[in-house]
Amino acid sequence: MTDKSVVHFDVEDGIGVITIDYPPVNALGPGVSDGILAALDKGEADPNVTAFVMIGAGRTFIAGADIRQFGKARPNPTRRTYDALDQGKKPVVAAIHGYALGGGLENALACHYRIAVPSAKVGLPEVQIGILPGGGGTQRLPRIVGPKIALDMIVSGRHVPADEAKALGIIDEIVPGKDLRSEAIMYAKSIAGKRPLPRVRDRSEKLGEAKTDPGMFDAARKQFARRMRGQPAPEKCIQAVEAACTQPFDEGVATERRLFGELENTPEAKALRYAFFSEREIARIPTLPKDLKTPEIKTMAVVGAGTMGGGIAMSFADAGMPVKLVDASSEVLERGIARIRDNYATSVKRGSLSQEEMAKRMSLITPVTTMEEIGDADAVIEAVFERMDVKKEVFKQLDAVMKPEAFLFTNTSALDIDQIASVTKRPEKVAGTHYFVPANVMKLFEVVNASKTAPETLAAAMKLGRDINKISGYAGNCDGFAANRSRIPFTLEQNLMVEEGALPHQIDKVMEDFGYPVGPFKVNDMSGLDISYDTRKRRKAADPSYRMLPIPDGLVEAGRVGLKAGKGWYRYEKGDRTPHVDPEVEALIKMVAAQNNIEQRSFTEEEILHRLLFGSINEFCKIIEEGKAIRASDLDVMWLHGFGFPRYRGGLMFWGDTIGAREVYNQIASWHQRYGKRWEPSALLRDTAEKGGKLTELKAERLR
Ligand code: 3HC
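Below or above, wherever it landed, is the structure these notes cover. All values reported here derive from a predicted model rather than from experimental measurement.

### Structural notes on the overall build of the protein chain
Across its full length, the protein chain carries 30 helices and 17 strands. The C-alpha radius of gyration computed for the protein chain amounts to 28 Å, which stays within 12% of the reference 27 Å derived for 704 residues, consistent with globular compactness. Dimensions of the protein chain, computed from the C-alpha atoms along their principal axes, are close to 90 × 60 × 55 Å. In the protein chain, buried positions account for 54% of the 704 residues. Restricting to contacts in the protein chain with at least 6 residues of sequence separation, those with at least 24 account for 73%. Here the protein chain carries 97 positive and 95 negative side-chain charges, and the mean point of each set is 1 Å from the other.

### Remarks on empty space enclosed by the protein
Regions of empty space are outlined by a rolling probe, equal in size to a water molecule, passed over the atoms. Evaluated as defined, the whole model comprises 1 cavity of 30 Å³ or more. Its volume calculated, the largest cavity comes out at about 70 Å³. Together, Leu503, Pro504, His505, Trp569, Tyr570, Val581, Asp582, Val585, Glu586 and Ile589 line the largest cavity. If you list the elements that add at least two residues to the lining of the largest cavity, you get α21 (504–514) and α25 (583–595). The greatest single-element share of the lining of the largest cavity, amounting to 3 residues, is contributed by α25. Of the residues belonging to the lining of the largest cavity, the class tally is 7 nonpolar, 1 polar and 2 charged.

### Observations concerning the side chain of Glu268
Note on placement: Glu268 falls in helix α13 (residues 267–281). Put simply, Glu268 is tucked away with no salt bridge, and the nearest opposite charge, on Arg649, sits 6.2 Å away.

### Thoughts on the sheet that holds strand β17 (residues 471–476)
Taking strand neighbours across the sheet as the criterion, the 8 strands line up as β12-β11-β10-β13-β14-β15-β16-β17 in an open arrangement whose pairing is mixed. Across the chains shown, the open sheet's two edge strands, defined by having one partner strand only, are β12 (365–368) and β17. Geometrically, the sheet is characterised by an average inter-axis angle of 25° between neighbouring strands, direction not taken into account. Across 4 bridges, strand β10 (residues 300–303) lies against strand β13 (residues 379–382) in parallel orientation. Pairing of Met300 across the sheet is with Ala379, part of β13.

### Describing the packing of aromatic side chains
The final tally for this structure, using the stated rule, is 21 aromatic pairs. Ring centres 5.6 Å apart and planes at 85° place the aromatic pair Phe620 and Trp639 in the edge-to-face group. With Phe620 in helix α26 (residues 605–625) and Trp639 in helix α27 (residues 632–642), the pair connects residues that are 19 residues apart, well separated along the chain. Comparing Phe620 with Trp639, the two get one shared label, buried. Over the face of the ring belonging to Phe276 we find Arg280, whose NZ or CZ atom lies 3.7 Å from the ring centre. The ring centre of Phe643 lies 5.1 Å from the NZ or CZ of Arg487, which sits over that ring.

### Regarding the site of the ligand
Near the ligand lie 26 residues; those nearest to it are Arg59, Gly103, Glu106, Glu126 and Arg280. One of the side-chain N or O atoms of Arg59 is found 2.7 Å from an oxygen atom in the ligand. Only β5 (99–101), α3 (103–110) and α13 provide two or more residues apiece to the shell around the ligand. Take the shell around the ligand: its biggest share by element is 3 residues, from α13. The class makeup of the residues in the shell around the ligand is 14 nonpolar, 5 polar and 7 charged.

### Comments concerning the packing of helix α20 (residues 483–500) against helix α22 (residues 520–527)
Where α20 meets α22, the axes come as close as 11 Å, and the angle between the chain directions of the two elements is 105°. For the element pair α20 / α22, the angle class is roughly perpendicular. Here Phe490, Gln494, Asn495 and Val498 of α20 come into contact with α22, specifically with Pro520, Phe521 and Asn524. Along the lines of polarity and charge, the residues of the contact of α20 with α22 split into 4 nonpolar, 3 polar and no charged.

### Re the pattern of salt bridges
Tallied over the entire structure, the rule returns 52 salt bridges. In this structure, Glu205 engages Arg203 in a salt bridge whose closest nitrogen and oxygen atoms are separated by 3.2 Å. Residue classification places Glu205 among the exposed positions, given a relative accessible area of 52%. A relative accessible area of 29% places Arg203 in the partly exposed class.

### Regarding the nonpolar core
Of all hydrophobic cores here, the largest spans 132 residues; its most connected members are Phe316, Ile374 and Leu613. Counting residues per element, this core draws most heavily on α26, at 10 residues. Counting only domains with at least three residues in this core, you end up with domain 2 (300–479) and domain 3 (503–602). Beyond its immediate sequence surroundings of up to four residues, Leu613 is in contact with Phe490, Met511, Phe514, Trp639, Phe645, Leu652 and Trp655.

### Remarks on the environment of Ile420
Inspection of the secondary structure puts Ile420 in helix α18 (residues 417–421). Since its relative accessible area comes to 0%, Ile420 is described here as buried. In contact with Ile420, not counting residues within four places along its chain, are Met388, Lys391, Phe395, Thr410, Thr412 and Leu415.

### Section: the side chain of Glu183
One can find Glu183 in helix α7 (residues 180–191). For the buried Glu183, no salt bridge exists, and the shortest N-O distance to an oppositely charged side chain is 6.7 Å, to Lys178. Those residues within four positions of Glu183 in sequence are excluded, and the remaining contacts are Val175, Pro176, Gly177 and Lys178.

Conventions used here
Residues numbered from 1 in each chain as written. Predicted model: local features only at pLDDT ≥ 70, side-chain atom pairs only at ≥ 80, totals over all residues. Heavy atoms only, no water. Helix = DSSP H or I, 4+ residues; strand = E, 2+ residues; numbered from the N terminus. Rg over C-alpha atoms; globule rule 2.2 N^0.38 Å. Buried < 20%, exposed > 50% of the residue type's maximum accessible area, 1.4 Å probe, protein only. Contact = heavy atoms within 4.5 Å. Lys, Arg positive; Asp, Glu negative; His and termini not counted. Charge placed at Lys NZ, Arg CZ, Asp CG, Glu CD. 1 Å grid on protein atoms, 1.4 Å probe; cavity = no way out; pocket = protein on both sides within 12 Å on 5 of 7 lines; lining within 4 Å. Points joined across faces, edges and corners; volume = space filled by probe spheres on them. Nonpolar A, V, L, I, M, F, W, Y, C, P; charged D, E, K, R; others polar. Salt bridge = Lys/Arg side-chain N within 4 Å of Asp/Glu carboxyl O. Pairing = 2+ DSSP bridges. Axes fitted to C-alpha atoms, helices over the stretch in contact; angles between N-to-C directions. Phe/Tyr/Trp six-rings, centres within 6.5 Å; stacked < 30°, edge-to-face > 60°. Lys NZ or Arg CZ within 6 Å of the ring centre and 35° of its normal. Near = heavy atom within 4 Å. Polar contact = N/O pair within 3.5 Å; in protein donor to acceptor, adjacent residues only side chain to side chain. Parallel < 35°, antiparallel > 145°, perpendicular 65-115°, else oblique. Core = buried A, V, L, I, M, F, W, Y, C linked by side-chain atoms within 4.5 Å. Domains from an automatic or database assignment.

Here you go:
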């Protein structure tokens, strides 16, 4: 065998067992495919071996090809496991636990039989990293499940649970999985003598579906049009499945391989690979001691049953964690619980949640009206009104009622956590856990490290986010923390450009063409213009030098507060959420600009895009420079999961690198000359530009 350490082969009871042992997820890294081939050769040559079992060591079967190898030169294999498996003379049983994804499922599909434990998941998720299944998956899967279901699985990339996979015929049998190896050996013995060997490549009965329903491919194009926008991979996935229906197997495989080659190095595939690894890197906090024992949080409490508190409580119930929701007002509490129930009921109506699951989640949320009743929870998240005196009062009470080892977290989006912690006797147990709206949906969980937060507290908060299937990201304690702070320039320039003559629908179109699902002005209309207007007024009252924004202010003052009023930046018909461009808005913009002596001009699409995004790149650099974020890629992940930044662009800094740090810096420096202080370049950006460095490689020297 080429590499004994990553693939083991042994014979038990006449069955050759091929064990992939390449932690953590048995990706098809160096030596794995060669190891499988060598094991097959050995077993084929051994007269005592009547059949094979292919199984994964550790937590999973095979998670797919080694993504780290993509984009790098590598030798073209002379033999492929997929061919060797289904052309073998002895049957091979794939025994699946954990995941069989991408190349993992493709190897399993090339086996003659597939069995799985009930918790296993299978799928071809390659599209999510900008490529397509390149190990025959686009040719074999349609032969089992038919092209229609194959299209759905391959173009969405979704993970299919074992019971569904069994119903679809992908899995032949579900086994208890108490001892998968023994169960697989038993199964292999039961089929060892059967001939002919069932080979997926020889099946064609399901492919006829495409003849009776030739429109299915265009229907898939339509169905996935939104997701496909700006990305070549979904279209090529469809072409590959189409080839399975129109070409003989080997030709179809050649087509798949050609299409795979066309995708591997596209900018989108590179960006998506970067996003994949950045989402894993963000979990690492270099300052935490390696041997730190992370305390486990098993029960939660949430203070404040408003929209935010309710959404936070749902985020725990969704993950199966019991949570007490406390509000001193029983009326607010009742309304909060009713809102939660309505939210779940909508999901049930849409078919994304079962009635049973809804009942289970509701039963995990316990409404209570006194603080004393939450005292035994392992941690609490405060989600009350965003005012320092209110928060301090709540924290004093929490400090008094919560058990001594409990963590006290705040969901503030901007207030100084050191000040909040200062009213408790356990500031080391206080940290920020900042959710994004809607709290039960948005994946980002920003963990704010205040100056007295203990390493255990930080680690526990980071883990809590991951436990509820969110992405935890580190931020230092500063105004707006990392995510919101980095978005301020975006929002400001959005409004200032309108003053200068760019139209809201023009800006929205540029951002939608860039890949945002919805442009920023449409988002403003959905969330309502009145909230930010009130914030601006409060700021102005506190600081007379604060500059109001005359255009959105004018809209609010004219009653145009957004979708809920039927008018905002756009106009809406009754009962319809479609935005229509409204000449009245244009007239208002012109009038306000004239009143404020602001000269209006025209904008190119590039200028709009750069004005919106460069300011935030500059702010990213300042945040890293000040040690308030660990690394550039963390901020990129925050934008992907907090603000809907288009994933196939990788992230803001990844996109910035496609333009070049020097180019970005030069533009910012020139806007600094023209517009003044708000465009003052970050020193870190300047240095990076001067050295010809990369934005994605920026890291904080020291966290503060
Ligand atoms: N290649 C390389 N590394 C991989 C990998 C892969 N396919 N899948 C996971 N890893 C690494 C992760 O980067 C992580 O590394 P780290 O510990 O150094 O950060 C480690 O394995 C563990 O991964 P997760 O933290 O994601 O573990 P989870 O248990 O949360 O999730 C998983 C497991 C669902 C398998 C998830 O890792 C995953 O979705 N992996 C990618 C699956 C995939 O896209 N497969 C298709 C690959 S392309 C392909 O097969 C092409 C073929 O058609 C030819």
